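If you want the building blocks of each chain, they are given just below.
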Amino acid sequence: MTSGAEPEAAWLRAAAGAGKRRPSGSRPVRPAQGPRRGARPAPPAPGVAEALRPARGPPPAAGCGAGRESAGSPSCCGSDGRGEAPARAGLGGAARAVAAACRGSLRAWPLPEKNETLDHLISLSGAVQLRHLSNNLEILLKRDFLKLLPLELSFYLLKWLDPQTLLTCCLVSKQWNKVISACTEVWQTACKNLGWQIDDSVQDPLHWKKVYLKAILRMKQLKDHEAFETSSLIGHSARVYALYYKDGLLCTGSDDLSAKLWDVSTGQCIYGIQTHTCAAVKFDEQKLVTGSFDNTVACWEWSSGAKTQHFRGHTGAVFSVDYNDELDILVSGSADFTVKVWALSTGTCLNTLTGHTEWVTKVVLQKCKVKSLMHSPGDYILLSADKYEIKIWPIGREINCKCLKTLSVSEDRSISLQPRLHFDGKYIVCSSALGLYQWDFASYDILRVIKPPDFSNVSLLGFGEIFALLFDNRYLYIMDLRTEKLISRWPLPEYRKSKRGSSFLAGEMSWLNGLNGQNDMGLVFATSMPDHSIHLVLWKEHG
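A brief structural summary. (Residues numbered from 1 in each chain as written. Predicted model: local features only at pLDDT ≥ 70, side-chain atom pairs only at ≥ 80, totals over all residues. Heavy atoms only, no water.)

**Here's the deal with the sheet that holds strand 9 (residues 307-312)**
Here is step 1: Overall, antiparallel pairing links the 4 strands, which are arranged 6-7-8-9 in an open sheet. The open sheet has two edge strands, strand 6 (278-283) and strand 9, and neither has a second partner. Within this sheet the neighbouring strands show an average axis-to-axis angle of 15 degrees, counted without direction.
Here is step 2: Two strands pair when backbone bridges link them, and strand 8 (residues 296-301) and strand 9 are joined in this way by 5 bridges, in the antiparallel orientation. Pairing of C299 across the sheet is with Q309, part of strand 9. (Pairing = 2+ DSSP bridges. Helix = DSSP H or I, 4+ residues; strand = E, 2+ residues; numbered from the N terminus. Axes fitted to C-alpha atoms, helices over the stretch in contact; angles between N-to-C directions.)

In structure tokens form, the structure reads like this:
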């Protein structure tokens, strides 16, 4: 029967360096399982015990006060308060001797014996040793990979985390915050996913995390219906039929025989001139062009209010006008089912385009941006739309031009088009009772039909690469075109919705191609009200 001290002695002999090769056939002595709870550990072998025991110094000198010091406080002779001198040299030498002896033998032990040995050491340790062990284990086991890895590998790993997790990781330490904030690709991708424009020329590595924080705030405001605010313009005394917006200025044409130019940011009227009844307006810094219910088109000078040109020839109300100073051309669409092309400077009618069988409610003069068999980039293109069809004319090539193409959503005219048309030189977009139709301008093929829920009464205001701006009788909507889901809505008052689409419009539209923190400001939507005022929806400033 082996006594309780024998396993202990065997283990300590191995720890003391008695790890010489065992005789062939001998069996190793396994260490004990450790003392039972509450049991006093067996004493170590005398030789090793002496090596591990701290050396004691000479007795303290008389009057040194070693015996009078409180427990745990050092005395004048180096005692630790318990009458023991550290004797660091002796203890360090013994500890190093034991460690050197254990290193070779411990590595050769089986894993269970190693674990039992460590358990036994822990059971023999006091609070100071356990604290020392805990501190060193933390250093060995908890590795800060963002600090240890090369920066490129850290960035690669961070790309697999979502932005919200990355923001949480920024709180771990200053080092983590510095590395994560400088991971440009991660934050650029996060901004793109939110519909934010990316400017690759920005060199500041910390820039895009700041942009993301700004973007996430704006998108939260949109989701919570807190991104906009409203205002009103008051000044007309009769119904407002025509609106046109450009560069922070809004022009309104009314039945009170006047047109006004407003600064949207201040709400101040800059110009007010006497005109005819306005059904359509378009302006620049010097002039205003108006289409009227009196079947004519007129050009006015802002500064003096004088009429500089009068265009006569239509036999019905003029619902839409557009012009180009470079071409010296003005185009107009009328209730007489025709589109007329005029010389802007002289007022001469150059051509009358026929083929429509309904009121022409929209004309758009725009440069082409794609190449096809019918047109090249830089060619000016005229689009005209009625209730059922969109016609495409090569206005820049010749005055007596013929229609290139007619687009519709139903051959039997069972589906009508909404009176709003988007054309940016690449795509044509129009809304109908079936949804939003998008045509490729190079091939005239329908690229997609977007059908949000309850689309029967929704009209198109603006269309971009990322977002679309829509509205109905109650709400203004923002749609993410990548997912075709509505991401925000804003309540609208009861307004006057013209069947021709001239009494409401979108404001700034560059943000539809992606927000960037600078273009989400100014006018979003404007419409005329029954009380002759203008209701404005504006971006709220960033909080």
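**A few points about the pairing of strand 3 (residues 249-254)**
Sheet faces and side chains relate simply in a regular strand, where the side chains alternate between the two faces.
Here is step 1: Taken across its 6 residues, strand 3 has 5 buried, putting it largely inside the fold.
Here is step 2: Here 6 bridges tie strand 2 (residues 240-246) to strand 3, and the two strands are oriented antiparallel to one another. Counted as the bridge partner of A242 is G253 from strand 3.
Here is step 3: Counted along the chain from strand 2 to the antiparallel partner strand 3, the turn is 2 residues long, and its residue D247 has a positive phi close to 50 degrees.
Here is step 4: When strand 3 meets strand 4 (residues 258-263), the two strands line up antiparallel, connected through 5 bridges. When the bridges of strand 4 are listed, L249 appears paired with D263.
Here is step 5: In sequence, strand 3 turns back onto strand 4 through a hairpin of 3 residues, with L257 there showing a positive phi of about 65 degrees. (Buried < 20%, exposed > 50% of the residue type's maximum accessible area, 1.4 Å probe, protein only.)

**Describing the sheet that holds strand 24 (residues 475-480)**
Here is step 1: Taken together, the 4 strands give an open sheet; going across it, the order is 22-23-24-25, and neighbouring strands pair in antiparallel fashion. Each of the sheet's edge strands pairs with one partner strand only, and the pair in question is strand 22 (459-463) and strand 25 (485-491). Ignoring which end each strand starts from, the neighbouring axes of this sheet average 25 degrees apart.
Here is step 2: Examined bridge by bridge, strand 22 and strand 23 (residues 467-471) share 4 bridges and lie antiparallel to one another. The residue bridging S459 from the neighbouring strand is F471, located in strand 23.

Keep in mind that these numbers describe shape and distance, not what the molecule does.
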